[in-house]
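Notes for the structure review
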Amino acid sequence: GAVVSQHPSWVICKSGTSVKIECRSLDFQATTMFWYRQFPKQSLMLMATSNEGSKATYEQGVEKDKFLINHASLTLSTLTVTSAHPEDSSFYICSANRPSGGSQETQYFGPGTRLLVL
Amino acid sequence: QKEVEQDPGPLSVPEGAIVSLNCTYSNSAFQYFMWYRQYSRKGPELLMYTYSSGNKEDGRFTAQVDKSSKYISLFIRDSQPSDSATYLCAMTPGGGNKLTFGTGTQLKVEL
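Report on the accompanying structure. Worth saying up front: this structure is predicted, and the values here are computed from it rather than measured. (Residues numbered from 1 in each chain as written. Chains lettered and ligands numbered in written order. Predicted model: local features only at pLDDT ≥ 70, side-chain atom pairs only at ≥ 80, totals over all residues. Heavy atoms only, no water.)

1. Here's the deal with unusual backbone geometry
Residue Pro8(A) follows His7(A) across a cis peptide bond; omega there is 0 degrees. Structurally, Pro8(A) is set in the loop between strand 1 (4-7) and strand 2 (10-13). Cis peptide bonds are those with omega within 30 degrees of zero, and the linkage from Gly9(B) to Pro10(B) qualifies with 10 degrees. Structurally, the position occupied by Pro10(B) is in the loop between strand 1 (4-5) and strand 2 (11-14). (Helix = DSSP H or I, 4+ residues; strand = E, 2+ residues; numbered from the N terminus.)

2. Overview of the interface of chain A and chain B
Chain A puts 21 residues into the contact, and the matching count from chain B is 19 residues. Summed over both partners, the interface of chain A with chain B buries about 1600 Å², with 54% contributed by carbon and sulfur atoms. Linking chain A with chain B are one salt bridge. Inspection of the chain A/chain B interface yields five residue pairs in polar contact (both at pLDDT 80 or more). Broken down by secondary-structure element, the contributors of at least two residues to the side of chain A that touches chain B are strand 4 (32-38), strand 9 (90-99) and strand 10 (105-109) of chain A. When residues in the side of chain A that touches chain B are grouped by element, the largest group, five residues, is from strand 10 of chain A. (Contact = heavy atoms within 4.5 Å. Buried area = accessible area lost by both parts, 1.4 Å probe. Salt bridge = Lys/Arg side-chain N within 4 Å of Asp/Glu carboxyl O. Polar contact = N/O pair within 3.5 Å; in protein donor to acceptor, adjacent residues only side chain to side chain.)

3. Points about the pattern of salt bridges
Residue and element names in this part refer to chain B. One pass over the full model with this rule turns up six salt bridges over all chains. Ionic pairing is found between Arg-37 and Glu-45, a salt bridge with its closest N-O pair at 3.0 Å. Given a relative accessible area of 12%, Arg-37 falls into the buried group. Arg-60 is paired through a salt bridge with Asp-83; the nearest N and O atoms lie 2.9 Å apart. (Buried < 20%, exposed > 50% of the residue type's maximum accessible area, 1.4 Å probe, protein only.)

Given below as structure tokens:
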């Protein structure tokens, strides 16, 4: 299967600081990447859709000024949590769309980044 | 009503059992159906990907889609303790649209 990496795998930071998470598609080019967050024992919650070369599309209720997304190349998208607070502590997972024939793409997920804000 | 319904479990089975995991959905526009497996503290791993109605088999895994009933299933034969994980169904109309996920079913295969 396709490989998507995330860095860092976990991060602990102080309240008020900013944290950047990188998502890379290692063996394919992804024009579209997605960012999710997941709380314990809950399903994935889509935060935003990241399109290479254009602005991200945020889901309702997600603050775009707090969760900055940059998709500068076909293999890299970054999520920056600005002025992080303890309630931002969560598991952040990215995925990348890989063409799989016809008009459909298949989403492959990264391993996730665990963020703890103290 | 959620677009995709999935029993959260937990589902506990003995090793070697056949496991049946299911999702129902309400949006008739969904054309592409996926099953992901997620181990604790890990990202989801794509297991099966099917288009429209029908069956697809890959090793011990079989995915079934019944669009007329808006019902999809994942069967796991000869279940192993290593199959213990949360299984998420996901679906999309296609064309690069975002996935809609079920809540996930937690499966435990016991020795």
